Amino acid sequence: MDIGTLRRGENSGRNGYQWLKRDLANGVFKPGEKLPVRQLQERYNLSTGPLREALSQLVAERWVSATSHKGFRVALQSLDELQDIYKARANLEVMIVRLAIERGNDAWEASALSHFHTLSKALEIDDHTCRWNAWDTRQQEFHSAIASGCNSKHLLQVRSYLLDQAERYRHLWLNCGDGSQTSLVTRCKEHSALLTAVLNRCPEEACELIRAHLLIQVASITDADLGRSANQRSE
């Protein structure tokens with residue numbers, strides 16, 4: 001489905017929220033950029049009420065900022081926030097993986113194996129865009145399959161929140177070239193090593209691997225690029 005499809009009928013606030021959030025995640029709108037209500041209404045085929053509902057939800061989730069009498073803007077980004085989010089993710093993921101290794105059963109192991117097999121098959125897709133989209137979805141499912149073994153609803157809820165916040169920086173990571181075939185092969189080897197450590201019930205090794213796997217994304221984004229994207233639109 002594309003934006004043209006959305007214009008065929010009145011869109012709901014929920015759908016508007018999903019499409020606007022997707023565009024924000026993909027970098028269609030830049031950090032600090034104004035989000036004129038009238039233009040958004042036309043783009044997403046939304047009336048004022050549903051659009052403001054979508055924007056309000058995105059404000060609550062820190063994807064959008066709202067200023068009295070000045071309307072809405074894309075939330076600014078910063079290197080400090082990027083590092084804070086990913087360090088929090090890494091620390092939480094270490095805790096979750098440790099618990100998953102301790103509590104996970106045979107069905108959990110089978111699920112992790114199955115999801116890794118599906119993930120590795122994404123490398124065989126010829127089209128670059130299709131390959132990346134499949135990889136991106138499947139690698140998230142692979143990590144979630146491992147995390148599910150912790151059997152903690154509250155930890156998984158916090159994990160979901162941090163994943164959502166990290167998504168705001170994903171397009172910066174992709175722009176660094178980490179969506180290339182070579183990069184994906186390297187990432188697949190990292191996933192394979194993590195899976196082996198998990199299945200062998202080696203918590204220290206698995207925790208070290210998952211921490212490095214997450215924090216390497218921070219190193220891929222330069223200070224200058226992130227600083228420009230935030231500061232140029234901070235007025």
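Report follows, based on the coordinates. None of these values were measured; they are calculated from a predicted model. (Residues numbered from 1 in each chain as written. Predicted model: local features only at pLDDT ≥ 70, side-chain atom pairs only at ≥ 80, totals over all residues. Heavy atoms only, no water.)

Once that is clear, we can look at the side chain of R89. Looking at where R89 falls in the secondary structure, it is placed in helix α5 (residues 79-103). In this structure R89 is buried but unpaired, with E93 as the nearest side chain of opposite charge at 5.0 Å. Not counting chain neighbours up to four residues away, the residues in contact with R89 comprise L162, L163, A166 and L214. (Helix = DSSP H or I, 4+ residues; strand = E, 2+ residues; numbered from the N terminus. Buried < 20%, exposed > 50% of the residue type's maximum accessible area, 1.4 Å probe, protein only. Lys, Arg positive; Asp, Glu negative; His and termini not counted. Salt bridge = Lys/Arg side-chain N within 4 Å of Asp/Glu carboxyl O. Contact = heavy atoms within 4.5 Å.)

Attention shifts here to the packing of α5 against helix α8 (residues 153-167). Their axes nearest at 10 Å, the elements α5 and α8 cross at an angle of 150°. Accordingly, the angle class assigned to the pair α5 and α8 is roughly antiparallel. Pair α5 / α8 crosses with left-handed handedness. Across the interface between the two elements, I85, Y86, A88, R89, L92, E93, M95, I96 and L99 from α5 touch L155, V158, R159, L162, L163, Q165 and A166 from α8. The class makeup of the residues in the contact of α5 with α8 is twelve nonpolar, one polar and three charged. (Axes fitted to C-alpha atoms, helices over the stretch in contact; angles between N-to-C directions. Parallel < 35°, antiparallel > 145°, perpendicular 65-115°, else oblique. Left-handed = near helix turned anticlockwise from the far one by under 90°. Nonpolar A, V, L, I, M, F, W, Y, C, P; charged D, E, K, R; others polar.)

Taken as a whole and judged by the stated rule, the model has ten salt bridges. With its nearest N and O atoms 3.0 Å apart, the salt bridge here joins R43 to D23. Taken together, the residues span a long stretch of sequence, with R43 in helix α3 (residues 37-44) and D23 in helix α2 (residues 13-25) at a distance of 20 residues. The residue R168 makes a salt bridge to E81 at a minimum N-O spacing of 2.8 Å. In this pair, R168 is assigned in the loop between α8 and α9 (170-178) and E81 in helix α5, connecting sequence segments 87 residues apart.

Looking now at the packing of helix α6 (residues 106-121) against helix α7 (residues 128-147). Their axes nearest at 9 Å, the elements α6 and α7 cross at an angle of 165°. With respect to α7, the axis of α6 lies roughly antiparallel. As α6 runs across α7, the sense of the crossing is left-handed. Residues W108, S111, A112, H115, F116, T118, L119 and K121 of α6 touch α7, and the partners they reach there are W135, R138, Q139, E141, F142, A145 and I146.

Glancing now at the nonpolar core. Membership of the largest hydrophobic core comes to 26 residues, with the highest contact counts inside it found for V97, W135, F142, I146, L194, V198 and A206. Among the elements of the structure, α5, α6, α7, α10 (181-199) and α11 (203-219) are those that each provide at least two residues to this core. With six residues, α10 is the single largest residue contributor to this core. Counting 19 residues, the second-largest nonpolar core is a separate cluster that includes L24, Y44, W63 and F72. (Core = buried A, V, L, I, M, F, W, Y, C linked by side-chain atoms within 4.5 Å.)

A few words on the pairing of strand β1 (residues 64-67). Strand residues, when the strand is regular, have side chains that alternate between the two faces of the sheet. Bridging between β1 and strand β2 (residues 71-74) involves four bridges; their strand directions are antiparallel. Looking across to β2, one finds that V64 is bridged to V74. (Pairing = 2+ DSSP bridges.)

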